[in-house]
Amino acid sequence: LVHTHPGGQPGPSVQDLEGEAALRPVLHERLAGLPHGRLILRPDGLDAALFVGERHTVPLEVQSVGEQLRIFRENDTDIDRLAETYQRQALAFGEPGQRQLRRLRIGVVGAGGTGSLVLQQLAHLGVQHFTIIDHDVLERTNLNRVVGTVAADVGRPKVEVATRVVHNINPDAVVQALQADVTDPLVLRRLLDTDVVLICTDSHGSRALLSQLAYQYLLPMINVGVSVLADSERGTQVQGVVHLLAPGLACLDCTGDLDPGKVMEELQTEAERQANPYISGAAVTQPAVISLNSVVAGLGVSLLLSTVTEMPLQARRLLLRLSEGSLQPGENRGRRGCPTCSNSPESRLAQGDRWTRPGRSR
């Protein structure tokens, strides 16, 4: 039941409650077994509640998702003391933005070179709730670019090291660390408990699934990617992209940031890969430099800030060409009829569990 209170009255009026009392039995009879509730829109916010039985209600959280992420919770009007630690940055994007950061539940997929930098910055910014997913363990070759590591960490799960880094900065942070493969449908689904996700993996397969999850379940994500191409003729080319995935904006398939061949290969089972005559050889190790990762990680976190606070950054897709000295907005319009992000009837957009859940087949 949705209506407005133009005068700004918080909560339901006596007339609202009387109308609900008459309608609720009818709703439950006609649509049995489904949840029902109210949404009251005000100029300064909203009131939302789930109907429980014939008389009781439970407050609901409401999220407005698009180029901006706005979260409305029951206690949004509470004024709590801003910690002195964050007062300087709050001058840049406002105290409401700082409180929003503290309340956000942020997922980070990939705790390697880029992901570790993103997590470090989020912890310094005052984020309190993290879900970190990475199946890998730390190797010696990771020590030069995964922040907060020491030689004794070799062989430890990357999520364990990332959790320690976050807690060293903010001991009160709540961290859910999952040493698991994000392409597993059950692991992927754990991200639905978050408000926004930063994609820091180096796999086309996992990025494809995360892009689908973002639009199918209206879960905003920020893709953070960097590539260093060492070419003997052209020299070293450094490219980076940060890109908000949300309704009204292009998915990773529309922007051409996914290699369909790699997506198919990475999402196949081991038996399928061995049986595929077009897949041969081992993966080629890609160059990685911590300073270059830092540039792109910082852009990704800044894009997050502009999405959830008043940080003045208009672009929702940024392309970095460091070797050319350029940083510019990128095309961000979805392809007409795209099965992931378009408004076509066949699209996965906002389908939730009505569509096949994303994940690698077992």
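Preceding this section is the structure that the text describes.
Quick notes on the rules
- Residues numbered from 1 in each chain as written.
- Predicted model: local features only at pLDDT ≥ 70, side-chain atom pairs only at ≥ 80, totals over all residues.
- Heavy atoms only, no water.
- Helix = DSSP H or I, 4+ residues; strand = E, 2+ residues; numbered from the N terminus.
- Rg over C-alpha atoms; globule rule 2.2 N^0.38 Å.
- Buried < 20%, exposed > 50% of the residue type's maximum accessible area, 1.4 Å probe, protein only.
- Contact = heavy atoms within 4.5 Å.
- Areas by Shrake-Rupley, 256 points an atom, 1.4 Å probe, with all protein chains shown as cover.
- Lys, Arg positive; Asp, Glu negative; His and termini not counted.
- Charge placed at Lys NZ, Arg CZ, Asp CG, Glu CD.
- Disulfide = S-S within 2.5 Å.
- Phe/Tyr/Trp six-rings, centres within 6.5 Å; stacked < 30°, edge-to-face > 60°.
- Lys NZ or Arg CZ within 6 Å of the ring centre and 35° of its normal.
- Axes fitted to C-alpha atoms, helices over the stretch in contact; angles between N-to-C directions.
- Parallel < 35°, antiparallel > 145°, perpendicular 65-115°, else oblique.
- Left-handed = near helix turned anticlockwise from the far one by under 90°.
- Nonpolar A, V, L, I, M, F, W, Y, C, P; charged D, E, K, R; others polar.
- Core = buried A, V, L, I, M, F, W, Y, C linked by side-chain atoms within 4.5 Å.
- Pairing = 2+ DSSP bridges.
- Polar contact = N/O pair within 3.5 Å; in protein donor to acceptor, adjacent residues only side chain to side chain.
- Salt bridge = Lys/Arg side-chain N within 4 Å of Asp/Glu carboxyl O.

**Q** Please explain the overall build of the protein as it appears in this structure.
**A** When you go through the protein residue by residue, the secondary structure sums to ten helices and 14 strands. A globule of 362 residues ought to have a C-alpha radius of gyration of about 21 Å, and the protein, at 22 Å, matches this closely. A principal-axis box enclosing the C-alpha atoms of the protein has dimensions of 75 × 55 × 40 Å. Residues counted as buried form 45% of the 362 residues belonging to the protein. Counted over contacts in the protein with a minimum sequence separation of 6, partners at least 24 positions apart contribute 62%. Surface accessibility of the protein: about 19100 Å² in total, with carbon and sulfur atoms responsible for 52%. Positive and negative side-chain charges of the protein, numbering 35 and 40 respectively, have mean locations separated by a distance of 1 Å.

**Q** Explain the state of the cysteines here, please?
**A** By definition, a disulfide links the sulfur atoms of two cysteines through a covalent bond. Following the criterion strictly, the structure yields zero disulfides and no others. Not engaged in a disulfide, the cysteine C251 finds its nearest cysteine sulfur in C338; these two sulfurs lie 3.6 Å apart. Between C341, a cysteine without a disulfide, and C254, which holds the nearest cysteine sulfur, the sulfur-to-sulfur distance is 3.7 Å.

**Q** Which parts of the structure should I look at to understand the packing of aromatic side chains?
**A** By convention here, two paired aromatic rings are described through the distance between centres and the angle between planes. This model, assessed by the stated rule, comprises zero aromatic pairs. Taking the ring centre of F51 as reference, the NZ or CZ of R24 above it sits at 4.2 Å.

**Q** Would you explain the packing of helix α4 (residues 113–125) against helix α5 (residues 158–169) in this entry?
**A** The packing of two helices is summarised by the inter-axis angle and the distance between the axes. Running from N to C, α4 and α5 cross one another at 25°; their axes reach a closest spacing of 9 Å. Considering their axes alone, α4 and α5 lie roughly parallel with respect to each other. Like other packed secondary-structure pairs, α4 and α5 cross with a definite hand, here right-handed. Residues L119, Q120, A123 and H124 of α4 pack against A162, V165, V166 and I169 of α5.

**Q** Honestly, the packing of helix α7 (residues 204–216) against helix α8 (residues 260–267) in this entry has me stumped. Any pointers?
**A** Relative to each other, α7 and α8 sit at 95°, their axes nearing to 7 Å. As far as their axial angle goes, α8 and α7 are roughly perpendicular. Contacts between α7 and α8 involve H204, G205, A208 and L209 from the former and K262, V263, E266 and L267 from the latter. Considered class by class, the residues forming the contact of α7 with α8 number four nonpolar, two polar and two charged.

**Q** So what exactly am I meant to see when it comes to the nonpolar core here?
**A** Nonpolar side chains in soluble globular proteins generally cluster together in the buried interior. Formed by 70 residues in total, the largest nonpolar core has its most connected members in I106, L122, F130, L191, L198 and M221. With eight residues, helix α10 (residues 290–308) is the single largest residue contributor to this core. If we skip the residues at most four places from it in the chain, L198 touches I106, G107, V108, V109, V118, L122, I222, V224, G300 and L304.

**Q** Teacher, can you tell me more about the sheet that holds strand β2 (residues 37–42) here?
**A** Two pairing modes exist for strands in a sheet, parallel and antiparallel, and in both the strands are linked by backbone hydrogen bonds. Reading across the sheet, the four strands line up as β1-β2-β3-β4 and stay open at both edges, with mixed pairing between neighbours. At either margin of the open sheet sits one strand with a lone partner, and together these are β1 (2–4) and β4 (56–59). Averaged over all pairs of adjacent strands, the angle between their axes in this sheet comes to 25°, without regard to strand direction. Examined bridge by bridge, β2 and strand β3 (residues 45–52) share six bridges and lie antiparallel to one another. Among the inter-strand pairings, L41 is bridged to a residue of β3, identified as L46. Relative to β3, helix α1 (residues 14–30) is tilted by about 45°, and along the sheet it contacts β1, β2, β3 and β4.

**Q** Would you mind showing me how to read the side chain of H243 here?
**A** Assignment of secondary structure puts H243 in strand β12 (residues 235–245). Within the structure, the side chain of H243 is placed 2.9 Å from the backbone oxygen of A250, a separation counted as a polar contact. With near-sequence residues (within four places) excluded, H243 lies in contact with M221, I222, N223, A250, C251, L252, T255, D257, L303, R316, R317 and N332.

**Q** How do you make sense of the pattern of salt bridges when you look at a structure like this?
**A** Any two side chains of opposite charge can pair, on the condition that their charged atoms come close. Enumeration according to the criterion identifies 14 salt bridges in this entry. The salt bridge involving R38 is made with E20; its shortest N-O contact spans 2.6 Å. One end of the pair, R38, is in strand β2; the other, E20, is in helix α1, with 18 residues separating them in the sequence. Each member of the pair R38 and E20 is classed as buried. Salt-bridge contacts for D257 lead to R317; the nearest nitrogen and oxygen are separated by 3.1 Å. Here R317 lies in strand β13 (residues 317–321) and D257 lies in the loop between β12 and α8, a separation of 60 residues in the sequence. Using a relative accessible area of 26% as the deciding quantity, one classes D257 as partly exposed. Since its relative accessible area comes to 7%, R317 is described here as buried. Connected through shared salt-bridge partners, E20, R38 and D47 make up one network.

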